[in-house]
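An overview of the molecular structure
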Amino acid sequence: MTPRRKRMVLVLSAVAGVAIAATLGLKAFQENILYYYSPTQIASGEITFDDRRIRVGGLVVDGSVQREMGELGVVFDVTDELESVTVAYDGILPNLFREGQGIIAHGRFDDDGIFIADQILAKHDENYMAPEVKESLREAEWQRRQRELREQQEYSGPGEDY
Amino acid sequence: MMDWFSEFLYMDGFAVWVWSAFGVSALVMGLMVWLVIRRHREALRLVRRYHSDGGSR
Amino acid sequence: MGKESWRWFHRFGSPPHVYGLADRMVPWFAILGLACLLTATVWGLAFAPPDYEQGDGFRMIYVHVPAAWLSLFVYVLLALASAIGLIWRMKVAHAVAIAAAPLGAAFTFLSLATGSIWGQPMWGTWWTWDPRLTSQLILLFLYIGFIVLNRAFQDQRSGDRASALLGVVGVVNVPIIHFSVDWWHSLHQPATIAKFGAPSIDTAMLIPLLVMALGYKLFFAWLLLRQLQAELLQRERRAAWTKALVTGPGGTVK
């Protein structure tokens, strides 16, 4: 082996060694790296959080947001489509907070199983769109639904004549 | 014209954020240019001094 | 590889050749880079449509994303240069790595700073220990560690080898940063453009972003060459070629 080849092997094995160490390390601490838990993970009881402050993440359920009159307080449900968690929060909500939007709540559960958050973070998705495009997408979606409805009616139409 | 401009500056209410993000970027990048060009000039000066001293350094 | 391509490779090992090449390329990178930056700034701020959710706040993408992309690109370049320097004992490669490090650190800082300015109004926090943010912060420390290690030795060659080893193994962090948003639950959104499938961004928003990214790359290339020239001058101040560079035809110092 030439000295150069030897150095090449040395460098590559150093990188490989660190890569393996990093992979194992990250695997071992998988749970600690998780930035937030989903409602399903919480419902399954796979994590013990006792009194620990944790983060819960999911989508804000449509129509679940209730604001207390004259106060900043807000109560809403967070879901991952399977399970849901009720979150209570008293403070200023971020710009991107809205129904259907992904959020992460930081806080702890009270005795009634309600998650008392002291911080709400809005999770942004990776889509960027102009408002007109969003509007036309919504329009297209609406027309598609209308067409489906019409087709269903036409399909069941003759049946009602009997 | 003025309306368009003040609306442009207003940035939908995100003025502080948008302008400070662009401001920080311009500032840091300007600083990078200044430091790098100065460093190159100084290196040239170093070489010049070294050779005019007859290589005493 | 044939003999011809090796000769090409070895010419990059010659400091005077690289110095002269850089001198010829610098004006192009500088002019084109600044032109792209200016065009994309005006385009992105005034002419790209606002986002349906973030309004005009999304325009911060035009300084955040190019800085973040470049911070990773520069690190890969640094690691490759370090590896070439270690394996082929090429002095110019070590000089490239140390020339790139402060620039990479600056872009990493910019990605963190602009991300923080975006995060406060959009997410609701300046900083959080999210996997993407944390791994990007580690990248900044890798750059700083590289610079400190390189300068920590009396002997330039020892410094070069020590820092190069750190630079090479640190490349493991690059895929971690990129895939952190897919591997773990994360606050940071997944990739919009650098992914399989079509980018999930309007073309009218994407084009100025790409122009801006090109501008950042050219800007970096410009400064990298100047940094490299300064590094080569410092390292080779005793060499005949630097003397020829600063002395006129009569042998007097300019």
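Residues numbered from 1 in each chain as written. Chains lettered and ligands numbered in written order. Predicted model: local features only at pLDDT ≥ 70, side-chain atom pairs only at ≥ 80, totals over all residues.

What follows is about the overall build of chain C. Across its full length, chain C carries nine helices and zero strands. Reported as C-alpha extents along the three principal axes, the dimensions of chain C are approximately 65 × 40 × 35 Å. In chain C, which comprises 254 residues, the share counted as buried stands at 46%. Put simply, 74% of the contacts in chain C that link residues at least 6 apart link residues at least 24 apart. (Helix = DSSP H or I, 4+ residues; strand = E, 2+ residues; numbered from the N terminus. Buried ≥ 20, exposed ≤ 12 C-beta atoms within 10 Å, placed from the backbone. Contact = placed C-beta atoms within 7 Å.)

Turning our eyes to something else, we now look at the interface of chain B and chain C. Across the boundary between the two partners, chain B contributes 28 residues, which contact 36 residues of chain C. Per-element accounting of the side of chain B that touches chain C gives the leading share, 23 residues, to helix α2 (residues 15-52) of chain B. Looking at side-chain class alone, the side of chain B that touches chain C contains 19 nonpolar, six polar and three charged residues. (Nonpolar A, V, L, I, M, F, W, Y, C, P; charged D, E, K, R; others polar.)

Interfaces are often sized by the accessible area lost when the parts come together. Chain C puts 37 residues into the contact, and the matching count from chain A is 32 residues. Elements with a minimum of two residues in the side of chain C that touches chain A: α3 (61-88), α4 (91-122), α6 (156-169) and α8 (203-235) of chain C. Per-element accounting of the side of chain C that touches chain A gives the leading share, four residues, to α3(C). For the side of chain C that touches chain A, the per-class residue count stands at 25 nonpolar, eight polar and four charged.

Judged by nonpolar contacts, the single largest core of 103 residues is most densely connected at A:I103, A:A105, C:M60, C:V96, C:A97 and C:A100. Ignoring any residue separated from it by four or fewer positions in sequence, one finds C:M60 in contact with B:W17, B:V18, B:A21, C:T114, C:I117 and C:W118. (Core = buried A, V, L, I, M, F, W, Y, C linked by C-beta atoms within 7 Å.)

Once that is clear, we can look at the UniProt feature "domain: Cytochrome c assembly protein" (unreviewed entry) in chain C. Residues annotated by UniProt as "domain: Cytochrome c assembly protein" (unreviewed entry) correspond here to residues 34-188 of chain C. Split by type, residues 34-188 of chain C is 77% helix and 0% strand. Its first and last C-alpha atoms lie 30 Å apart. (UniProt positions renumbered as here; feature names shortened; annotations may be inferred.)

Here we take up the UniProt feature "transmembrane region" (unreviewed entry) in chain C. All names here are of chain C. Taking the UniProt record as the reference, the feature "transmembrane region" (unreviewed entry) is found at residues 26-48, 68-88, 95-113, 133-153, 165-185 and 205-225. Helix makes up 100% of residues 95-113 and strand 0%, with an end-to-end C-alpha separation of 28 Å. End C-alpha atoms of residues 133-153 are separated by 32 Å, and the span's content is 90% helix alongside 0% strand.

Let us now look at the environment of C:Q234. Positionally, C:Q234 belongs in helix α8. Note: C-alpha distance between C:Q234 and C:Q189 (45 residues apart in sequence) is 44 Å. Sequence-distant contacts of C:Q234, defined by excluding residues within four places in its chain, comprise B:A43 and B:L46.

Here we take up the packing of helix α1 (residues 3-28) of chain A against α6(C). At a closest axis distance of 9 Å, the pairing of α1(A) and α6(C) adopts a crossing angle of 50°. Put simply, α1(A) runs oblique to α6(C). Where α1(A) crosses over α6(C), the two elements pack in a sense that is right-handed. In this structure, α1(A) contributes A:V11, A:A14, A:V15 and A:V18 to the contact, and α6(C) contributes C:L165, C:V168 and C:V169. (Axes fitted to C-alpha atoms, helices over the stretch in contact; angles between N-to-C directions. Parallel < 35°, antiparallel > 145°, perpendicular 65-115°, else oblique. Left-handed = near helix turned anticlockwise from the far one by under 90°.)

Glancing now at the packing of α2(B) against α4(C). To describe two helices that pack against each other, one gives the angle between their axes and the distance between the axes. Where α2(B) contacts α4(C), the axes come no closer than 9 Å and their chain directions differ by 170°. In terms of axis orientation, α2(B) runs roughly antiparallel to α4(C). Between α2(B), through B:W17, B:S20, B:A21, B:V24, B:S25, B:V28 and B:M32, and α4(C), the contact on the second element is made entirely by C:L103, C:A106, C:F109, C:L110, C:A113, C:T114, C:I117, C:W118 and C:P121. Residues of the contact of α2(B) with α4(C), tallied by class, amount to 13 nonpolar, three polar and no charged.

Below, the discussion takes up helix α2 (residues 15-47) of chain C. All names here are of chain C. Relative to the 48 Å expected for 33 residues at 1.5 Å per residue, α2 spans 45 Å between its end C-alpha atoms, a close match to the ideal helical length. If you look at α2, its biggest bend is around 35°, right at M25, and the proline P27 turns up within four residues after that. Inspection of α2 places P15, A22, F29, G33, C36, L37, A40, T41 and G44 among the buried residues, and these make up the whole buried set. Tucked inside the fold, the buried residues of α2 contact α3, α4, α8 and α9 (240-246). (Expected span 1.5 Å × (residues − 1). Bend = angle between axes of the 7 residues up to and from the residue.)

As a further point, take the pairing of strand β5 (residues 102-109) of chain A. All names here are of chain A. Of the strand pairs in this sheet, strand β1 (residues 54-60) and β5 are connected by six bridges, and their pairing is antiparallel. Across the sheet, the residue bridging to G57 is I104, located in β5. As defined by bridge partners, β5 adjoins strand β6 (residues 115-122) across seven bridges and the pair is classed as antiparallel. Its bridge partner lying in β6, G107 is registered against A117. (Pairing = 2+ DSSP bridges.)

Here we come to the pairing of β6(A). Residue and element names in this part refer to chain A. As defined by bridge partners, strand β4 (residues 84-90) adjoins β6 across three bridges and the pair is classed as parallel. Its bridge partner being in β6, Y89 is matched across the sheet by A117. Counting the residues that bridge the hairpin from β5 to β6 gives five residues, and of these G113 lies at a positive phi of roughly 80°.

Time to look at α4(C). All names here are of chain C. Spanning 32 residues, α4 covers 46 Å between terminal C-alpha atoms, matching the ideal 46 Å at 1.5 Å per step. When the local axis directions of α4 are compared, the greatest deviation, roughly 30°, occurs at A101, which is followed within four positions by the proline P102. Among the 32 residues in α4, 25 count as buried, and that is most of the element. The positive-phi residue at the C-terminal boundary of α4 is G124, with phi of around 105°.

The pLDDT averaged across chain C works out to 91; a share of 95% of its residues lies at or above 70. For this predicted complex, the interface confidence reaches an ipTM of 0.89, while the overall pTM sits at 0.87. (pLDDT = per-residue confidence, 0-100.)

What follows is about the environment of A:N127. Residues and elements named next belong to chain A. Inspection of the secondary structure puts N127 in the loop between β6 and α4 (131-161). Judged by the 15 C-beta atoms lying within 10 Å of it, N127 falls in the partly exposed class. Spatially, the C-alpha atoms of N127 and V85 are 26 Å apart, while their sequence positions differ by 42 residues.

Residue and element names in this part refer to chain C. Residue position: V96 is located in helix α4. Residue classification places V96 among the buried residues on the basis of 26 C-beta atoms within 10 Å. For the pair V96 and Q229, spaced 133 residues apart in the sequence, the C-alpha separation amounts to 9.4 Å. Leaving out residues up to four positions away in the same chain, V96 has contacts with A81 and L228.

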